[in-house]
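Structure assessment
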Amino acid sequence: MRLLIVDDEVIIRTGLASVIAWNELGIELLAPAASAEEALTRMAEERPHILMTDIRMTGKTGLELADEGLQLLPELEVIILSGYDDFAYAQQAIRQGVTDYLLKTSKPEEIIKTVLQAKQRITDRWAEKSREGRLLRENRQRLFEKWIIDGDVGTGPCPAFLKQGVGEGTDVSLNGGQVYQQVFIIQAKGWSRSSAALLRFAVQNMLEDLLPGAVAHIQKKQIIGVVQVANLKQELQYTLKTVLNHMEQLLKCSLRAAIGHPVCGEIHLHDSYKTASAAFQYLGLLQDKIWSIEQVSHRKGGKTLLTHEEETALGTLLLDNDPVVLTTWTQELVRELMMDPEVTPESFHACLHSAVIAGHRWLVRTMRAIGREEPARYEPWQPEPDADAADLRDMLFHHLYGLMHTYYSQMGQGQASHVQKAIAYIESGLAQEISLQQVAGQVHLHPGHLSELFKKETGITFGDFVTNMRIRRAMEMLAVSPAKVSEVAAISGYEDVKYFSRLFKKHTGKTPSEFREEAYSFKPSGS
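Along each chain, residues carry numbers from 1 onward, in the same order as the chain's sequence is written. Under the rules for a predicted model, residues below a pLDDT of 70 receive no local features and side-chain atom pairs below 80 are neither given nor counted, while totals for whole chains, interfaces and linings still include all residues. Computation of side-chain values covers all heavy atoms of the structure but excludes hydrogens and water.

Before going further, it helps to examine the sheet that holds strand 5 (residues 100–103). Think of a sheet as strands paired side by side through backbone hydrogen bonds, with each pair either parallel or antiparallel. The pairing criterion is simple: DSSP has to find at least two bridges between the two strands. Helix and strand assignments come from DSSP, with helices taken as H or I runs of at least 4 residues and strands as E runs of at least 2, each series counted from the N terminus. If you walk across this open sheet you meet the five strands as 2-1-3-4-5, and the pairing is parallel. Here the strands that pair on one side only, and so sit at the sheet edges, are strand 2 (28–29) and strand 5. The pairing of strand 1 (residues 2–6) with strand 2 spans two bridges and is classified as parallel. Of the residues in strand 2, the one forming a bridge with Arg2 is Glu28.

Below, the discussion takes up the pairing of strand 4 (residues 77–82). In regular strands, side chains alternate between the two faces of the sheet. A large share of strand 4 lies buried, amounting to six of its six residues. Summarising the sheet, strand 3 (residues 50–54) and strand 4 pair through five bridges and their orientation is parallel. Residue pairing in the sheet places Leu51 in a bridge with Val78 of strand 4. For the segment spanning strand 3, helix 3 (residues 62–72) and strand 4, crossover handedness is right-handed. The sheet contact formed by strand 4 and strand 5 spans four bridges and is parallel. When the sheet's bridge partners are listed, Leu81 is paired in strand 5 with Leu102. Each residue is assigned to one of three classes by its accessible area relative to the maximum for its type, calculated with a 1.4 Å probe on protein chains only: buried under 20%, partly exposed between the two thresholds, exposed over 50%. Convention used here: a crossover is right-handed provided that the path from the first strand, over the helix, to the second strand proceeds clockwise when the strands point away from the viewer.

Helix span, as expected, comes to 1.5 Å for every residue beyond the first. Here helix 10 (residues 308–320) is 13 residues long and its end C-alpha atoms lie 19 Å apart, about the 18 Å a rise of 1.5 Å per residue gives. Buried within helix 10 we find Glu311, Thr312, Leu314, Gly315, Leu317, Leu318 and Leu319.

With that out of the way, let us pick up the packing of helix 2 (residues 36–46) against helix 3. Under this scheme, a helix contributes an axis fitted over its contacting stretch, all axes are lines through C-alpha atoms, and angles between N-to-C directions fall in the 0 to 180 degree range. Look at helix 2 against helix 3: their axes get within 10 Å of each other, and the N-to-C directions meet at 5°. When the axes of helix 2 and helix 3 are compared, the pair comes out roughly parallel. For the pair helix 2 and helix 3, contact is made by Ala36, Ala39, Leu40, Met43 and Ala44 and by Leu65, Glu68, Gly69 and Leu72, respectively. Grouping the amino acids of the contact of helix 2 with helix 3 by side-chain chemistry returns seven nonpolar, one polar and one charged. Note on angle classes: values under 35 degrees are labelled roughly parallel, values over 145 roughly antiparallel, values of 65 to 115 roughly perpendicular, and the remainder oblique. Every residue pair with non-hydrogen atoms within 4.5 Å of one another is taken to be in contact. Each residue receives one of three labels: charged for Asp, Glu, Lys and Arg, nonpolar for Ala, Val, Leu, Ile, Met, Phe, Trp, Tyr, Cys and Pro, and polar for the others, Gly being one of them.

What follows is about the side chain of Arg42. Tracing the backbone shows Arg42 in helix 2. Definition of a polar contact: a pair of N or O atoms within 3.5 Å, with one able to donate and the other able to accept a hydrogen when the atoms are protein atoms, and with sequence-neighbouring residues admitted only if both atoms are side-chain atoms. Engagement of the side chain of Arg42 in a polar contact is seen with the side chain of Glu38, the distance being 3.0 Å. Discounting residues that sit within four places of it in the chain, Arg42 has contacts with Leu4, Leu30, Ala31, Pro32, Ala33 and Arg47.

Before going further, it helps to spend a moment on the pattern of salt bridges. By salt bridge we mean one thing: a side-chain nitrogen of Lys or Arg within 4 Å of a carboxyl oxygen of Asp or Glu. All chains considered together, the criterion is met by 19 salt bridges. For Asp54, the salt bridge goes to Lys104, with nearest N and O atoms at 3.0 Å. Of this pair, Asp54 sits in strand 3 while Lys104 sits in the loop between strand 5 and helix 5 (108–129), and the two are 50 residues apart along the sequence. For Asp54, a relative accessible area of 4% gives the class buried. Under the relative-accessibility criterion, Lys104 is labelled partly exposed at 24%.

Pasting the structure below:
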């Protein structure tokens with residue numbers, strides 16, 4: 001695809017010609033023209049596909065050049081450059097069929113985007129004009145998905161484009177004459193949301209130009225590539241890193257890639273894709289630009305559940321209604337999980353989901369404890385499939401913050417509110433030592449005053465209220481959990497299991513074991 005740059009200022013036209021590696025974008029740069037008149041004399045023979053011209057020049061203007069150029073080449077894509085930020089010029093240019101309007105002060109990446117958009121429009125028109133070409137492209141995409149992504153290889157021969165040779169000068173004897181292939185998956189970021197598809201298009205084209213024998217395919221938000229490797233001793237990881245670094249510099253973007261197992265024979269390409277896809281799931285857990293399945297396949301999985309102590313700590317900080325503390329907590333949790341050398345995407349997501357569940361449990365228990373109606377069912381936590389660790393950390397914070405806000409939006413004011421806050425704090429810390437002084441400090445009241453308010457609002461003393469809550473917690477656990485009585489006692493705040501058993505019988509008329517037995521006997525069969 002050919003590009004002609006026209007500008008009567010030598011610094012501008014030579015700068016535009018040299019600052020961007022046009023050939024690596026699949027653009028053939030014609031010799032820049034110094035005037036509209038020169039451009040018109042050359043256009044009939046050189047037939048550029050894209051014209052980039054200054055709007056004001058000595059002699060004919062860029063708009064006049066665009067008008068005559070479009071008469072000569074009706075499918076010409078015209079990009080106007082101007083040193084004047086003048087909307088009137090832009091309006092006139094658009095009326096004359098100009099497709100884009102750029103300031104000369106535009107950054108190279110903006111110029112690249114504009115030219116690539118013009119290139120894509122031309123490519124789309126060519127494809128639309130040629131029904132056969134469009135069908136071939138669609139068939140190629142279908143066959144790529146069938147063989148590589150779906151693994152449906154039993155209904156026809158391997159497509160020719162997946163059987164390309166390894167290139168001249170490649171020593172296949174190092175593998176006993178075998179040619180291996182590997183699938184890799186690339187994430188491309190750094191352009192605006194509206195330009196993301198264009199960036200993937202550019203990466204796909206450049207990959208096939210820069211990696212001999214490579215085939216690339218865009219699948220949703222990823223670029224999937226297949227490359228042939230004749231020498232397994234020369235890692236694809238190194239070669240691909242060099243190519244990605246080069247593309248990043250040219251396209252001003254960020255590229256990361258995961259590599260699957262090498263396979264011998266096109267029929268096994270789906271296996272390489274599956275391992276590349278498994279490696280790609282580590283996108284949010286690794287700092288590497290490029291990694292292979294071999295680097296992560298040994299991992300057994302990290303922590304999947306919050307400990308009871310961590311749940312208690314989460315409940316306490318949710319009560320504090322302090323977004324800064326909550327932010328720190330979520331950051332530390334994510335950092336701890338990512339530092340674990342055994343962490344996997346499954347264990348990472350499971351532990352974050354465990355934190356969400358702990359937050360929901362806290363909200364339900366706390367609202368019940370203060371005698372309020374349970375909030376309407378909260379929306380489930382459903383993070384984006386391609387979210388990285390930083391995105392997930394932020395999503396977790398906002399979800400937990402929503403729970404905290406739900407609780408405080410239903411809290412009242414005045415003396416009753418102080419007691420409700422105290423009850424909520426007690427509920428969150430039943431497994432710990434709880435004193436009147438400690439709770440009074442949490443709600444910013446004198447212990448004596450809080451004791452009086454407690455008696456007035458609940459009808460019982462502070463100590464009796466705490467005991468009642470702990471016994472109730474123990475009853476709930478004994479009815480549904482297979483945990484040992486000693487474990488239930490500890491979670492309820494009693495280290496001495498004998499003392500716990502006596503207290504439990506005093507309140508319920510049954511020992512913990514008798515209570516559990518009776519609770520189980522009332523369960524319907526099959527539950």
